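Below, each chain spelled out in residue letters.
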Amino acid sequence: MIQILPFTMGGGLYGLSLTDIQEVVDDAPIHYLPGAPVGILGAINLHGRILPVVDLPAQFGHDVGPRAERMIVLSNAKSALVLAVDTVRSVLNVEAALAEVCRPVADQEGVAGLLDWKGETIRMLSLEVLWEDIRHLCEMSGG
Amino acid sequence: MDMSKYKSMFLSETEEHLRNMSALLVAVENDPADRDGIDALFRDAHSIKGMAASMGYTQMADLAHHLEDFLADFRKAGTIDPAAIDHLLQGTDLIEEVLAEIAADRPEPDVSAFMFAAPQAEDAPQNEHRLRLTLRENVVAPGARLLLLMGVFSEMGQIAAQRPSMEELKAGGAHRKIQFVLTGSLSRATIEEKVQCYPEVAELSFSDPGDERAPERRKQDRRQNSLASGTVRVDTVLLDRFINLTGELLTTRYALKTALKEQDLRELGEGLGQLEKLVGNLHSQVLKMRMMPVSTVTGRLPRVVRDLCRSNGKEIELKISGAGIELDRSILEEMSDPLMHLVRNAVDHGIERSGTVCIDVLRTRSHVQLRIEDDGRGMDPQLLRRRAREKGLIGERQAEVMRDADALQLICLPGFSTVDRVSETSGRGVGMDVVRSAVENLGGSLLIDAAPQAGTRITVTLPLSVAIIKILLFECAGKLLAMPLSRVIQTQLLSADKVLRRGKQRVFELKGETLPLLSLRKILGFSSPQGPTSLAVIVMELFGRRVGLVVDHFCGHQDVFVKKLPPPFDRLRGTGGGAVLGDGRVVFILDVQSLLEQQR
Amino acid sequence: MRIEISQKFIVGFIVVVGSVVLLNNIVPLVGIPDYLQQLVATLGALLVGLLFGWFFSKTFTSNIGIITTGAGRISNGDLSRKIRLQKRLAIDETEDLANSLNLVVDSLRNLVGQISTSALRVNESSQGLSSTAADMSAISHQVSGTIEQISKGAETQVAMVDKVLRVVKEMAMSIELVASSAQKLTVSAAETTDTARQGEAMAGAAIVNMKEVLEQVDTNSTQIVAFSEHVQKIGSIVDIITHIAQKTNLLALNATIEAARAGEAGHGFAIVADEISKLAESSGASASEITALIETTKAESVRAQQSTTRSLQVIDEGRESINIVSDAFQAILDRAENSQTKANSIKELSESQIGSAQDIVEAIEEISRVAEENAASSEEVSAVTEEQTFAMEGMTSSSLKLSQLADELLESVSRFQMGSERGSDVK
C-alpha cells in the first residue's frame, strides 16, 4: 500500500508520498526573512529549528494568494524546508497495484508521474526537481 | 549485513584518523626521533585499515595496510626518514580522496600505483627517557620489588641517575618511588607494555620533552571530532552528568504534577524554579558538548604551511599554542577558512624568505583570542592609504584624516586586493573582507596591528560560549529584525530638525562628520511612512564608510544563538542567520551590505 | 466886624452929608453948570444916599425877612432848620436875633425830643405791658385749657383704664380658652402618634415580607446566573474538545507520515493512526453538535436571566414604594410628637399668661386710682388759674389806657418836625 498526501495548487491536485514528508504543521506563524525572493514566504520555528517556507504554487507559476494554514515539511540528509500550498487533504491509501499504473510524464515540469484515483488525477511531485528548483531560486537570488 | 548504517560513522572516524596522521606527520618531520609520534601514526593507519576492511572498502584497506607496514618499519627503528614523510603524506592524501569518493557513493579509485614507490627505514638512534615509577600502596616488600623491576629495566637499556640508588635499595627501607634515566632503543609504548605485566606498579610516568606534545595529542585523539560530517564525541563524564540531570528533571516533573494536583502554588513556584535551574544546567551541558578544541581547525595548518614552504621555497616555522582551548563547533566551522587564509597571507605575503608564524590561542573570561603573528615584512599604513586612494575606495579627505589603526583595516575592504579570491578548500571567495565579515557575523572582532618591517599581528576575538551573540532588535515596516551589536557603532534618535539635505540625499551630523542616511524600508522594498517626528538610526559601517541606517524603532537587545539557514537557503543574501527568541519568534540577522550588493 | 444898626445909620448919614459936601465941592470942579451944580450935587447926594440906603436896607430887610421866615417856621413846628443869615462884613443885632432864635429852636428841639422819647418809651412800655399781659392771659388760658384737658384727660384715662381693664379681662378669658384647646390638642396629638406608630409597624412588617420575597428572587437569579456560567464553561470545554479534535487530526496525520517512513515496521501503527484520525473527526462532529445545543441553552438562559432581571426591577420599585410609605409614617409620627410637644408648651404658656393677665389687671387698677387723684388735683389747679386770669385781664385794660395816653402825647409832639440832628441852613 502506498500512502499519499494530496494537496491542491492553482486548482490542480498534486500529491507527495508520505515517505518523502517529515511532518505536517498547522498554525505555525511565518516570520519575516529579509532579502527573501518572491517564492519564499519567510521562515517558521519548528521544534527549535528555523526552516524556510517555500510558496509552492508560486514555484509552479500560479498566482500569489492565501495559502493553507497547514504546511508540509520536507527534509533530507542535508536540509529541510516547508511547503506552503493551497489546501492539504487527508491521506490516501492507495493499493500498490494501482500505484504501479502511475504513469511517468516527461512534459510537465516538476511532476514525476500521474496517479488516477477515484476519478481524480493526482500529479505526483518529483522531489529531485523540487530541490533543484529551490536551489536554483536561491542561487539566482543570491547572485 | 548491511553496513550502510555505519557509513557515516566510518567516514567521520576515518577523517579523524587522517587529520591526526597529517598533523603527526608534520610534527614527526620536525622531530624524526619522536617515537610516540610514529607509534601514533602506526595506530591510526592500523585503525583505518581495520575499519575499511570491515566496511568492505578494499582499496582503502589496502592503502592503509601499505602505510601501516611502512610505518611499522619506522616504528621498530624508532625514527623516521624525512623523505618518507612525503610519501606518507601523499598516502594520507590519497586515502582522503578515496574517502571522498566513498562519501559520494562512487566506486573507489585504484591506488595500486601509489604503493610501489616507497623509501626504506633507517636504523633508529637511541632514546632517552626520564622515568619515575611508583608502587602501589599496600604492596609487600617494596624495596625488593623495586630491585626486581630495575633488573628488568636494565635489560631495556642503560640506566643512569637512579634515585634511590641500587645500594640504597639493597640496604632496605620502604622505598616506594624510584626515578632514573633509561637510554635505549625502545619506544615509550614498548616500555609501558613491558611494565604492564607487573601489577604492583601503580604509576609509570615519563618526563620527556616529547611528553608535552603527547598528552595533547592524546587529548586530540580522544576528542577530535569531525566538523563536516556532523558527529560528536562526548566525554562519558558529560554523559553521566546528563543522566543525573535527567533524573533530577524527572523528579522535578513529579513534584510539579503533585503541586498542581494539590493546588499548592508555592510548591509549584518552587518546582518551576528548580526546573529553570535544571534547564539552564542542561543548556550549558549541551553547549559544552558542542565545544571542540581549536586544534580541530589548526590541526591541518602545519601541513599546509609545510606544503606552501615546499612550493615557494621559504623556510617558515609554524608555532601553535593553546590549541587545546575549546570553542563552539559552529564558530570553528566558520573560522576554518578564514584562519587558513590568514596563515596563507602570513606565509605568502608576510614573510619574505624565512621566519616564524605564531598562532596563539588565549582565553579570557568571556572570549577566545586567536592571534596570528608573523615576524615578516609587516604593512605600511601610508602605502595602504595610497593604494586605497588609487583604487577609489576612499576619498582624499578620508585618506588624510585616517588613523594608522584604521588604515591597516583598509585591507579588509572588498576590492582592495585582487589576489587570493578563491580558496582551494571551500570554493568560495576568501579575502580579508570575507574574513572580517565572518568574524563579525560570529559576534567577534578583528584587530590588525602591523608596522613596516616589524611583522604583522592579527588578533581575532571570538565569543567563548556558543554562537551566542548580542544582537540589537529593531522593527522595520512591522517586521522584527536584528543586527549584531558588534556591527553597530551607535544608535541614535534623530529629531526631524537634525535631518539635513545635501542635494537629494538625506544626511545628518555625527561628531563633526556628515553621514548619509539610508532608509531600510526602501532597501527592503516597503513604503515609507509619512514624516515621522523622529528617526531611529543605526550608525554602522557599510562598504567601508559610516552610514546611518533608518529603521522604524528599536526594540532592545538580546543574547541569542544564531543558526544559519540550511542549504541551499544559505546562499540567500540579506541575512547572516536567524535566531529563536524566548517567545518562539524567529528573528533574522540583517546583512545590509549583501542586500545592497545584490541590488547593484 | 460888628457894626450896630445905629452906627450904620450914622455912617450913612455921614456919608450922605459927606457926599453932599463932596459933591458940592466936586461938582463945581467938574464943570457942570452952576444952576445945575446944585441939582447935580443934590442929585448926586440923593443918589448916594439912595444907593447907600438901598444897600443898607436891603441887607437889613433880607435878614429880617429870614428871621421872620424862620420864626414862622418854628411856630409851625418845623424845628428842623436853624436860621442862617447872609454872610456880610458887618454883622449887627440881627445876628443876635438870629442866634437867639436859633437857641430857642435848639431848646425847643431838645424839649420836643425829650418828650417824644419819653412818650415813645411809655408807649413801648405800655405796649410791652399790654402784650405781656396779653401773653399771660393767653398762657393762663392755655393753662386753663390744659388743665381742662388734663381734667378731661384724666377722665379719659379713667375711661381708658376701664377699657383696658375690660380688654385684659377678655384676654384672660381667651387665654383660658386657648389653654383648654391646647389640652384638647395634646390629647388628639397623642392619638395621632399612636396611630402613626401602628402604621409604621405595619410598614415594617410589609418590608420584612418583601425582603423575604427578594431574597427568594435573588437566590433564583443567582441560580440562573450560576447555571448560565456552567453553560459557558461547557461551551469553553467544547471549544477545547474541538481544538483537541483538530490537533488530534493533525497528530494522526503526522503519525501516519511517520509510520509511512518507518516502512513495514510502521504498518500497524499506520492503521492505529488512521483510527485516531477517524475518532478525531467524530469528536469534532460531536463537539459541533454540543456547541449548537449550548448556543440554544445559552439563549434560553439569557432570556431567563433577562426576565429575572425585570422581576428584580419590579421588586426594587415595590421596595422603593414601601420605603416611601414607611418614611411617610415616620414623618407623621415625628410631626405628631412634635405637635404634642407644642400643645403642651402652649398649655403651659397660656397658664403662665393667665397669671400675667391678672398682674396687668392689678396694675391697671392702680393706674385708675392714680388717674382719679389726678383728676381731682387738676380741678383745683383749674380754679386757681381762673382767678389769675381775671387779674390778668384787669392789668391788661389799665395798660391799654396808659398806652392811649402815651399815644396822645406822641401825637401832640409829632407836630414838631425834627429832621436831622444838625438841622440845615435856612436860605
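Residues numbered from 1 in each chain as written. Chains lettered and ligands numbered in written order. Predicted model: local features only at pLDDT ≥ 70, side-chain atom pairs only at ≥ 80, totals over all residues. Heavy atoms only, no water.

**Student:** Could you give an account of the confidence of the model for chain C, with specific residues and numbers?
**Tutor:** Residue and element names in this part refer to chain C. For chain C, per-residue confidence averages 77 on the pLDDT scale, and 93% of positions sit at 70 or higher. Between the elements of chain C, mean pLDDT differs from a low of 44, seen in strand S2 (residues 425–426), to a high of 82, seen in strand S1 (residues 82–83). Contacts of residues 422–427 to residues separated by more than four positions or lying in other chains number 16 contacts, the stretch itself having pLDDT below 50. (pLDDT = per-residue confidence, 0-100. Helix = DSSP H or I, 4+ residues; strand = E, 2+ residues; numbered from the N terminus. Contact = heavy atoms within 4.5 Å.)

**Student:** Residue-level account of the interface of chain B and chain A, with values.
**Tutor:** The interface is formed by 25 residues belonging to chain B together with 26 residues belonging to chain A. A buried area of about 2,100 Å², summed over both sides, lies between chain B and chain A, and 69% of it is on carbon and sulfur atoms. Of all residues in chain B, Phe569, Leu572 and Val586 of chain B bury the most surface against chain A, accounting for 27% of the area lost on that side. The tally of links from chain B across to chain A stands at 3 residue pairs in polar contact (both at pLDDT 80 or more). In terms of residues, the side of chain B that touches chain A owes the most to one element, strand S21 (residues 575–580) of chain B, which gives 4 residues. (Buried area = accessible area lost by both parts, 1.4 Å probe. Polar contact = N/O pair within 3.5 Å; in protein donor to acceptor, adjacent residues only side chain to side chain.)

**Student:** How would you sum up the interface of chain C and chain A? Please name residues and give values.
**Tutor:** Each partner contributes to the interface: chain C provides 14 residues, whereas chain A provides 16 residues. Where chain C abuts chain A, roughly 1,200 Å² becomes buried across the two surfaces, and 58% of that area is made up of carbon and sulfur atoms. On the chain C side of the interface with chain A, the three residues burying the most area are Leu253, Ile257 and Arg261 of chain C, jointly 41% of the side's total. For the pair chain C and chain A, the interface holds 0 salt bridges. Breaking the side of chain C that touches chain A down by element, the ones donating at least two residues are helix H3 (93–262) and helix H4 (267–413) of chain C. Sort the elements by how many residues they give to the side of chain C that touches chain A and H3 of chain C lands first, with 11 residues. Residues of the side of chain C that touches chain A, tallied by class, amount to 5 nonpolar, 5 polar and 4 charged. (Salt bridge = Lys/Arg side-chain N within 4 Å of Asp/Glu carboxyl O. Nonpolar A, V, L, I, M, F, W, Y, C, P; charged D, E, K, R; others polar.)

**Student:** Please provide a residue-by-residue account of a nonpolar patch on the surface, values included.
**Tutor:** Residues and elements named next belong to chain C. Residues Phe9, Ile10, Phe13, Ile14, Val17 and Val21 make up a contiguous nonpolar surface patch of about 640 Å² in total accessible area. When you line up the elements, valine 17 lands in helix H1 (residues 5–30). Given the relative accessible area of 45%, valine 17 is considered partly exposed. (Patch = residues over 30% accessible without salt bridge, like charges linked within 9 Å, V, L, I, M, F, W, Y side chains within 5 Å. Areas by Shrake-Rupley, 256 points an atom, 1.4 Å probe, with all protein chains shown as cover. Buried < 20%, exposed > 50% of the residue type's maximum accessible area, 1.4 Å probe, protein only.)

**Student:** Could you give an account of the environment of valine 20 of chain C, naming the residues involved and the relevant values?
**Tutor:** Along the chain, valine 20 of chain C falls in helix H1. Separated by 26 residues in the primary sequence, valine 20 of chain C and leucine 46 of chain C place their C-alpha atoms 8.1 Å from one another.

**Student:** Could you give an account of the packing of helix H2 (residues 35–55) of chain B against helix H3 (residues 58–77) of chain B, with specific residues and numbers?
**Tutor:** Residue and element names in this part refer to chain B. Contact geometry for H2 and H3: axes closest at 8 Å, N-to-C directions at 155 degrees. Classed by the angle they form, the pair H2 and H3 counts as roughly antiparallel. Where H2 crosses over H3, the handedness of that crossing is left-handed. Judged by residue contacts, Arg35, Ile38, Asp39, Leu41, Phe42, Ala45, His46, Ile48, Lys49, Ala52 and Ala53 of H2 engage Met60, Ala61, Ala64, His65, Leu67, Glu68, Leu71, Ala72, Phe74, Arg75, Lys76 and Ala77 from H3. Its residues placed into classes, the contact of H2 with H3 shows 15 nonpolar, 2 polar and 6 charged. (Axes fitted to C-alpha atoms, helices over the stretch in contact; angles between N-to-C directions. Parallel < 35°, antiparallel > 145°, perpendicular 65-115°, else oblique. Left-handed = near helix turned anticlockwise from the far one by under 90°.)

**Student:** So what's going on with the nonpolar core? Residues and values would help.
**Tutor:** Counting 51 residues, the largest nonpolar core has Leu327, Val357, Leu410, Ile411, Met432, Val460 and Leu462 of chain B as the members making the most contacts within it. Here the element with the most residues in this core is helix H14 (residues 329–350) of chain B; it accounts for 9 residues. Not counting residues within four places of it along the chain, the set of residues in contact with valine 460 of chain B comprises Met335, Leu342, Val368, Gln369, Leu370, Val439, Ser445 and Leu446 of chain B. Within the second largest apolar cluster, 38 residues are counted, among which are Leu5, Leu16 and Val111 of chain A together with Phe569 of chain B. (Core = buried A, V, L, I, M, F, W, Y, C linked by side-chain atoms within 4.5 Å.)

**Student:** If you had to explain the environment of isoleucine 346 of chain C to someone new, which residues and values would you point to?
**Tutor:** Residue and element names in this part refer to chain C. Residue position: isoleucine 346 is located in helix H4. Assessed through its relative accessible area of 36%, isoleucine 346 is described here as partly exposed. Distance from isoleucine 346 to glutamine 183, taken between C-alpha atoms, is 8.7 Å for residues 163 residues apart in sequence. Once residues lying within four places of it in the same chain are set aside, the contact partners of isoleucine 346 are Val178 and Ala182.

**Student:** If you had to explain the sheet that holds strand S6 (residues 71–75) of chain A to someone new, which residues and values would you point to?
**Tutor:** All names here are of chain A. Pairing is mixed in the open sheet, where 5 strands are placed in the order S3-S6-S7-S5-S4. Among the strands making up the open sheet, the edge pair consists of strand S3 (21–25) and strand S4 (40–46). Strand after strand, the sheet turns through a mean of 30 degrees between neighbouring axes, direction not considered. Two elements, S3 and S6, share 4 bridges in a ladder whose sense is antiparallel. The residue of S6 that forms the bridge with valine 25 is methionine 71. (Pairing = 2+ DSSP bridges.)

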